[in-house]
Number of protein chains: 4
Amino acid sequence: MTLKAAILGASGYTGAELVRILATHPRIEIAALSADRKAGQGYAEVFPHLRHLKLPALVRMEEIDFSAIDLVFCALPHGLSQPLVGQLPESVKIVDLGADFRLRDPAEYLKWYGLDHAAPEIQPQAVYGLTEFYRDQIRGARLVAGTGCNAATVQFALRPLIGSGLIDLDDIICDLKNGVSGAGRSLKENMLFAERSEDVAGYSQGGKHRHLGEFDQEFSLLAGRPVQIQFTPHLVPVNRGILASCYLKGEAQAVHAALTAAYADEPFVVVLPFGQLPAMAHVQGSNFCHIGVTGDRISGRTLVVSTLDNLCKGSSGQAVQNANLMLGLPETEGLMLAPIFP
Amino acid sequence: MTLKAAILGASGYTGAELVRILATHPRIEIAALSADRKAGQGYAEVFPHLRHLKLPALVRMEEIDFSAIDLVFCALPHGLSQPLVGQLPESVKIVDLGADFRLRDPAEYLKWYGLDHAAPEIQPQAVYGLTEFYRDQIRGARLVAGTGCNAATVQFALRPLIGSGLIDLDDIICDLKNGVSGAGRSLKENMLFAERSEDVAGYSQGGKHRHLGEFDQEFSLLAGRPVQIQFTPHLVPVNRGILASCYLKGEAQAVHAALTAAYADEPFVVVLPFGQLPAMAHVQGSNFCHIGVTGDRISGRTLVVSTLDNLCKGSSGQAVQNANLMLGLPETEGLMLAPIFP
Amino acid sequence: MTLKAAILGASGYTGAELVRILATHPRIEIAALSADRKAGQGYAEVFPHLRHLKLPALVRMEEIDFSAIDLVFCALPHGLSQPLVGQLPESVKIVDLGADFRLRDPAEYLKWYGLDHAAPEIQPQAVYGLTEFYRDQIRGARLVAGTGCNAATVQFALRPLIGSGLIDLDDIICDLKNGVSGAGRSLKENMLFAERSEDVAGYSQGGKHRHLGEFDQEFSLLAGRPVQIQFTPHLVPVNRGILASCYLKGEAQAVHAALTAAYADEPFVVVLPFGQLPAMAHVQGSNFCHIGVTGDRISGRTLVVSTLDNLCKGSSGQAVQNANLMLGLPETEGLMLAPIFP
Amino acid sequence: MTLKAAILGASGYTGAELVRILATHPRIEIAALSADRKAGQGYAEVFPHLRHLKLPALVRMEEIDFSAIDLVFCALPHGLSQPLVGQLPESVKIVDLGADFRLRDPAEYLKWYGLDHAAPEIQPQAVYGLTEFYRDQIRGARLVAGTGCNAATVQFALRPLIGSGLIDLDDIICDLKNGVSGAGRSLKENMLFAERSEDVAGYSQGGKHRHLGEFDQEFSLLAGRPVQIQFTPHLVPVNRGILASCYLKGEAQAVHAALTAAYADEPFVVVLPFGQLPAMAHVQGSNFCHIGVTGDRISGRTLVVSTLDNLCKGSSGQAVQNANLMLGLPETEGLMLAPIFP
């Protein structure tokens with residue numbers, strides 16, 4: 001039997017990526033697509049690369065009959081999912097791809113997003129959507145909060161290390177290289193081709209990036225005490241991909257062993273042989289995360305590099321992985337798409 | 001039941017693309033991979049993006065037990081498939097991705113490739129592999145000769161028009177924009193990133209490109225008289241994709257109608273509404289070909305633009321499409337992968 | 001003695017390119033920079049790559065004392081130069097980089113730009129700014145109308161041929177590959193990096209591009225009868241550069257000889273040896289135009305390929321070249337900057 | 001009077017960049033160009049973007065009459081400059097762009113480059129070519145050893161801090177993003193466009209990069225005790241540019257003040273206002289280095305980001321800057337070319 005999904009906010013890149021993945025998913029069918037400003041348009045007008053698919057036209061959210069929907073993917077701008085969830089029928093499961101339910105503490109939401117939480121009473125139901133670490137809770141959840149794409153990349157590199165005693169929790173430096181699709185399809189001068197091509201530049205420097213809220217929450221929870229990392233993203237002229245270089249104080253071989261053990265049975269997270277570093281081009285278009293570990297000539301230094309496709313494993317692929325669990329399907333269903341290279 | 005395929009010459013980009021497609025093909029299993037110079041290496045060493053797959057290691061061709069193989073994909077350099085085919089068991093079906101069997105007349109092969117045909121006695125068995133136009137013959141073939149990637153792109157634009165009387169056969173000009181992966185993974189100075197990035201330049205100008213042999217053969221056959229087109233490819237800084245702008249003398253609306261009718265039932269060839277032009281980015285990573293038709297302020301002029309992914313629909317996707325037919329499988333099996341955008 | 005220039009509309013790419021060129025120009029000094037929306041900002045805030053220069057801050061146009069200005073470069077949006085020119089002191093010379101004075105016939109301006117000409121009484125004073133062909137008139141002009149960037153690229157390829165009798169004037173097809181900076185710095189969804197990267201697509205197809213107005217005017221004037229060309233631009237993922245492939249009916253060797261002779265003494269226009277095609281990467285950042293000519297296996301066919309940097313030779317470099325003439329300076333002053341490669 | 005320069009190894013990217021810069025240098029003329037394998041070719045055959053220049057043809061080094069040469073730029077592969085210098089007339093000044101004379105201690109040369117030093121008796125004459133810090137010695141030198149491009153980028157960020165007491169010398173982490181032209185024009189599979197486009201990946205990880213020899217030498221000298229930094233370069237799909245993100249332990253405002261003071265009078269090194277980070281695209285094609293400093297929400301953390309064009313300020317521009325000093329010319333002569341953007 002096919003399960004029916006609605007995608008809200010389907011006119012952005014994460015919406016299109018959900019449709020791309022679900023196009024060959026054997027069990028989930030796209031039953032509704034919403035996009036307020038583009039309501040009325042056929043999906044192929046907005047994303048011509050998907051014109052081979054028979055898809056419902058874009059409608060306004062209010063036009064969707066949610067009683068016929070099993071699962072909703074919310075790919076809405078920040079702040080719009082919180083008021084929405086309470087209005088959906090109880091029978092509908094929800095994967096939110098935005099930031100609205102990622103932070104357990106509404107005060108943290110206010111701090112990082114500048115908005116009062118509009119549904120603090122629902123927040124406790126939300127499960128943090130980093131599948132590999134919240135699998136059991138996700139299976140039973142009605143509402144899953146997808147992680148930030150940077151947050152996913154770095155957590156795959158660091159989570160198994162936080163409680164391990166292998167690294168210095170007070171000296172974690174993460175330097176990220178970010179493909180531009182993470183900025184979405186909205187119009188900004190610095191996202192024009194002529195501005196980004198042939199350029200690399202940092203942004204949100206100095207501890208201002210919103211995904212720090214997720215790091216603080218998750219790493220502190222794991223460590224049982226406050227942990228803050230230093231984190232600087234840099235835009236690179238690549239469509240898809242995040243590559244996080246994490247500089248740690250700890251023994252590299254032990255770190256490698258811990259990561260290898262942690263992900264030994266994971267279908268989507270691959271730890272490379274010691275000393276090899278991953279490449280962004282090797283995960284694009286897929287739900288895989290590649291992790292490499294190396295030491296340094298300076299003893300006690302470890303570099304962990306993690307890379308994934310921000311639109312897929314960092315967002316829409318993760319969302320489908322979570323949806324599979326919530327719907328009782330095999331976790332990898334529809335997600336074994338190989339990366340595309342070159 | 002699963003059918004077993006061998007890929008010969010698996011260390012090039014078309015080899016990797018075959019593996020990518022077959023990774024999620026429900027009926028064809030990769031049983032052997034050969035690459036002479038890289039024999040002994042694991043496939044993930046050569047193409048780390050495919051490291052999640054359980055694949056046989058690369059071997060030398062001689063090490064393969066072809067009696068256990070149902071189908072061979074030959075992705076070998078020019079000239080190596082001709083002597084090989086006669087040595088394979090009769091039970092093995094063959095899809096050749098190279099040029100060795102594309103030209104029916106060995107004299108034409110000598111003319112365009114500078115080599116004597118090494119298996120002229122086998123040539124008559126070869127079916128030209130443009131699936132949409134040789135479907136019935138491909139179903140019964142033992143040997144299918146995959147088309148050139150440029151040859152596929154332009155033929156999708158022009159074949160339905162050649163015998164139609166709608167266009168002037170003596171005045172066809174095709175200007176192509178070609179992604180760099182068509183040049184393969186071999187080392188050439190002009191294929192370095194620093195040489196191709198930020199550049200566009202024509203090559204093989206003046207009627208020297210080898211794919212002209214295919215155009216001459218196919219269009220003359222269709223027309224029942226010699227037809228020669230003018231054809232200039234240009235390298236563009238894109239990994240995948242060919243976009244062919246075909247300048248024709250004829251009425252655009254009639255041309256559009258003829259193409260729309262010709263491809264009405266095709267799963268992979270899409271004709272856009274009149275006046276719209278296709279974009280390379282809308283077919284990358286997929287087996288689709290998008291075609292657009294427009295007229296001009298000068299009456300009697302038609303522009304047909306056709307685009308496909310050279311590694312997929314132009315080569316490895318086409319090969320799997322043909323293999324499906326040869327093996328009695330549904331033609332689209334494993335090939336409905338959606339394009340990846342952005 | 002230094003001459004003083006003002007740049008109006010200095011916050012766009014052509015404005016920045018003017019500043020880049022004038023930065024090392026020995027005789028022209030930048031005395032004023034205007035940009036209405038960004039007035040009050042330092043130029044380095046808008047274009048940080050020019051922060052090493054001591055430049056006046058951006059002001060509103062009304063704040064400029066034009067009595068102290070020798071020459072004005074107008075890099076304003078279409079329609080704004082026409083009403084302005086009449087308000088400037090007679091002593092000020094003007095190079096307009098926009099389209100406002102390119103078309104001699106106000107009816108043509110209305111046709112292609114959709115606006116009534118606001119200064120038809122001034123139009124007759126304007127000299128068309130393709131320096132190599134209007135040199136003497138430019139020397140004496142008060143107002144020079146810079147050409148469109150596509151218009152320049154194609155005219156360099158074709159002008160010496162139009163009156164030569166060497167080619168069929170009724171069958172000229174120009175296929176252009178266009179870098180994205182030609183679209184300027186304004187915000188459009190299709191100009192985002194993620195939309196243009198890895199893509200090639202035609203636009204303004206079917207005879208709708210505004211630069212056709214210039215072609216019609218100039219080629220008809222040269223031929224002494226109406227001439228219309230077929231012209232299709234394609235966006236390529238390159239910052240700077242236009243490469244025009246012009247398909248002609250005529251003898252290639254004769255065409256090559258005519259172009260070689262026409263440009264023999266030109267400092268900025270280079271005709272390559274017969275059979276060689278130019279590359280966009282070989283002119284970027286410079287005021288040069290490279291032209292190549294080849295024949296075809298089909299006799300009577302000629303391909304002329306012309307390439308230049310749209311921001312430099314196609315716009316701001318051309319503007320400085322014209323300014324040099326208007327100010328009595330050597331034509332090449334400040335313009336012998338070598339292309340930057342890679 | 002014009003001074004005469006020879007460029008040895010002129011067929012690589014740094015050779016071409018020297019020619020580009022010298023093309024508009026008012027005092028230095030290119031009198032000879034050598035490239036062993038391409039001897040006999042015209043320079044425009046090797047670098048068509050420079051075809052507008054009247055240049056001597058490429059010859060073998062032995063064919064050059066060095067008695068007529070004032071200055072030699074050696075852009076040779078590692079190991080070839082050492083035996084050469086002793087053979088040149090004493091009257092010839094030499095700027096070596098390679099690594100042969102960068103390391104004062106021949107044992108360090110052996111360690112990092114795997115070669116015995118072939119001219120240890122000449123090594124003491126060599127002055128390390130980071131102009132801003134060795135200006136006086138360079139003025140009087142016969143032999144200047146240009147720095148590594150990464151070495152230059154990071155030293156501009158860190159040198160004023162090493163002896164300042166402002167930062168912890170035992171905890172310096174430098175994460176670099178490197179354009180591909182630094183790898184030169186030699187053929188390597190991982191430098192093909194299709195391999196580098198859409199990719200970011202680290203290399204020479206774990207303290208193996210050769211430029212560490214320069215860091216060790218210079219920083220230890222400045223500190224008066226051994227200093228080792230952690231340094232990881234990453235290839236980004238950009239032609240030119242290095243952006244170094246340097247993670248330091250120290251107070252950001254004090255660091256910013258120290259850097260601002262250090263470079264206050266430098267024509268080519270610019271420190272941005274506190275809190276702003278530089279962009280690679282803002283220095284391309286120029287001899288400028290932009291430096292930004294920011295703090296972090298974690299107190300005591302400082303991020304210094306430095307960017308320059310590896311071919312220009314990181315190599316050939318630096319070489320001309322040094323040549324100017326050695327020849328008694330103004331240091332900035334010919335080098336005030338503005339960056340090219342976009």
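Every value quoted in this text rests on a predicted model; they were computed, and no experiment measured them.

**Let's talk about the overall build of chain A**
Turning to step 1, where the next piece is worked out: In terms of helices and strands, chain A carries 10 helices and 14 strands.
Turning to step 2, where the next piece is worked out: Its C-alpha radius of gyration of 19 Å places chain A within 12% of the 20 Å reference for a compact globule of 342 residues.
Turning to step 3, where the next piece is worked out: With respect to the three principal axes, the spread of C-alpha positions in chain A is 60 × 45 × 40 Å.
Turning to step 4, where the next piece is worked out: Here chain A holds 342 residues, and 67% of them are scored as buried.
Turning to step 5, where the next piece is worked out: A separation of at least 24 residues holds for 70% of the contacts in chain A among residues at least 6 apart in sequence.

**Digging into the UniProt feature "active site" (unreviewed entry) in chain A**
Turning to step 1, where the next piece is worked out: Mapped onto this structure's residue numbering, the UniProt feature "active site" (unreviewed entry) falls at Cys149 of chain A.
Turning to step 2, where the next piece is worked out: Within the element layout of this structure, cysteine 149 of chain A appears in helix α6 (residues 149–162).

**Quick look at the packing of helix α5 (residues 131–139) of chain A against α6 of chain A**
All names here are of chain A.
Turning to step 1, where the next piece is worked out: Remark: α5 packs on α6, axes separated minimally by 12 Å, with the N-to-C direction vectors making an angle of 80°. Between α5 and α6, the crossing angle belongs to the class labelled roughly perpendicular. Taken together, the residues of α6 that come into contact with α5 (itself represented by Glu132, Phe133 and Tyr134) are Phe156, Arg159 and Pro160.
Turning to step 2, where the next piece is worked out: Along the lines of polarity and charge, the residues of the contact of α5 with α6 split into 4 nonpolar, no polar and 2 charged.

**Digging into unusual backbone geometry**
Turning to step 1, where the next piece is worked out: Between phenylalanine 341 of chain B and the following residue, proline 342 of chain B, the backbone shows a cis peptide bond with an omega angle of -5°.
Turning to step 2, where the next piece is worked out: Within the fold, proline 342 of chain B resides in the segment after α10 (312–326).
Turning to step 3, where the next piece is worked out: Phi is positive for glutamate 198 of chain D, close to 65°, though the residue is something other than glycine.
Turning to step 4, where the next piece is worked out: Take glutamate 198 of chain D: it is sitting in the loop between α7 (193–196) and β9 (201–202).
Turning to step 5, where the next piece is worked out: The class for glutamate 198 of chain D is buried, based on a relative accessible area of 10%.
Turning to step 6, where the next piece is worked out: In this structure, serine 204 of chain D is a non-glycine residue whose phi angle is positive, near 45°.
Turning to step 7, where the next piece is worked out: Structurally, serine 204 of chain D is set in the loop between β9 and α8 (212–223).

**A closer look at the domain arrangement of chain A**
Residues and elements named next belong to chain A.
Turning to step 1, where the next piece is worked out: Taken as a whole, chain A is organised into domain 1 (3–147 + 313–326) and domain 2 (150–310).
Turning to step 2, where the next piece is worked out: Centre-to-centre separation of domain 1 and domain 2, based on C-alpha positions: 24 Å.
Turning to step 3, where the next piece is worked out: Facing the 27 residues of domain 1 at the interface are 33 residues of domain 2.
Turning to step 4, where the next piece is worked out: Of all residues in domain 1, Tyr13, Trp112 and Lys313 bury the most surface against domain 2, accounting for 29% of the area lost on that side.
Turning to step 5, where the next piece is worked out: The interface formed by domain 1 and domain 2 holds 4 salt bridges in total.
Turning to step 6, where the next piece is worked out: The salt bridge involving glutamate 214 is made with arginine 102; its shortest N-O contact spans 3.3 Å.
Turning to step 7, where the next piece is worked out: The greatest single-element share of the side of domain 1 that touches domain 2, amounting to 6 residues, is contributed by helix α10 (residues 312–326).

**A word on the interface of chain C and chain A**
Turning to step 1, where the next piece is worked out: Taken together, the contact between chain C and chain A spans 19 residues of the former and 19 residues of the latter.
Turning to step 2, where the next piece is worked out: Roughly 1,700 Å² of surface becomes buried between chain C and chain A when both sides are summed, with 58% attributable to carbon and sulfur atoms.
Turning to step 3, where the next piece is worked out: For the chain C face of the interface with chain A, the top three residues by lost area are Leu187, Leu192 and Phe193 of chain C, together amounting to 38%.
Turning to step 4, where the next piece is worked out: For the pair chain C and chain A, the interface holds 6 salt bridges.
Turning to step 5, where the next piece is worked out: Between arginine 185 of chain A and glutamate 189 of chain C there is a salt bridge, and its shortest N-O distance comes to 3.5 Å.
Turning to step 6, where the next piece is worked out: At the surface where chain C touches chain A, the tally comes to 10 residue pairs in polar contact (both at pLDDT 80 or more).

**A look at helix α8 (residues 212–223) of chain C**
Working note: α-helix, 3.6 residues per turn, so residues spaced by three or four point in the same direction.
Residues and elements named next belong to chain C.
Turning to step 1, where the next piece is worked out: Its 12 residues give α8 an end-to-end C-alpha distance of 16 Å, which sits within 8% of 16 Å, the value for a rise of 1.5 Å per residue.
Turning to step 2, where the next piece is worked out: For α8, a buried count of 9 out of 12 residues is recorded, marking the element as mostly surrounded by other parts of the structure.
Turning to step 3, where the next piece is worked out: Buried residues belonging to α8 abut α4 (106–113), β6 (127–128), α5 (131–140), α6 (149–162) and β10 (230–235).
Turning to step 4, where the next piece is worked out: Phi turns positive one or two residues past the end of α8, at glycine 224, with a value near 75°.

Cut-off values and rules
Residues numbered from 1 in each chain as written. Chains lettered and ligands numbered in written order. Predicted model: local features only at pLDDT ≥ 70, side-chain atom pairs only at ≥ 80, totals over all residues. Heavy atoms only, no water. Helix = DSSP H or I, 4+ residues; strand = E, 2+ residues; numbered from the N terminus. Rg over C-alpha atoms; globule rule 2.2 N^0.38 Å. Buried < 20%, exposed > 50% of the residue type's maximum accessible area, 1.4 Å probe, protein only. Contact = heavy atoms within 4.5 Å. UniProt positions renumbered as here; feature names shortened; annotations may be inferred. Axes fitted to C-alpha atoms, helices over the stretch in contact; angles between N-to-C directions. Parallel < 35°, antiparallel > 145°, perpendicular 65-115°, else oblique. Nonpolar A, V, L, I, M, F, W, Y, C, P; charged D, E, K, R; others polar. Domains from an automatic or database assignment. Buried area = accessible area lost by both parts, 1.4 Å probe. Salt bridge = Lys/Arg side-chain N within 4 Å of Asp/Glu carboxyl O. Polar contact = N/O pair within 3.5 Å; in protein donor to acceptor, adjacent residues only side chain to side chain. Expected span 1.5 Å × (residues − 1).

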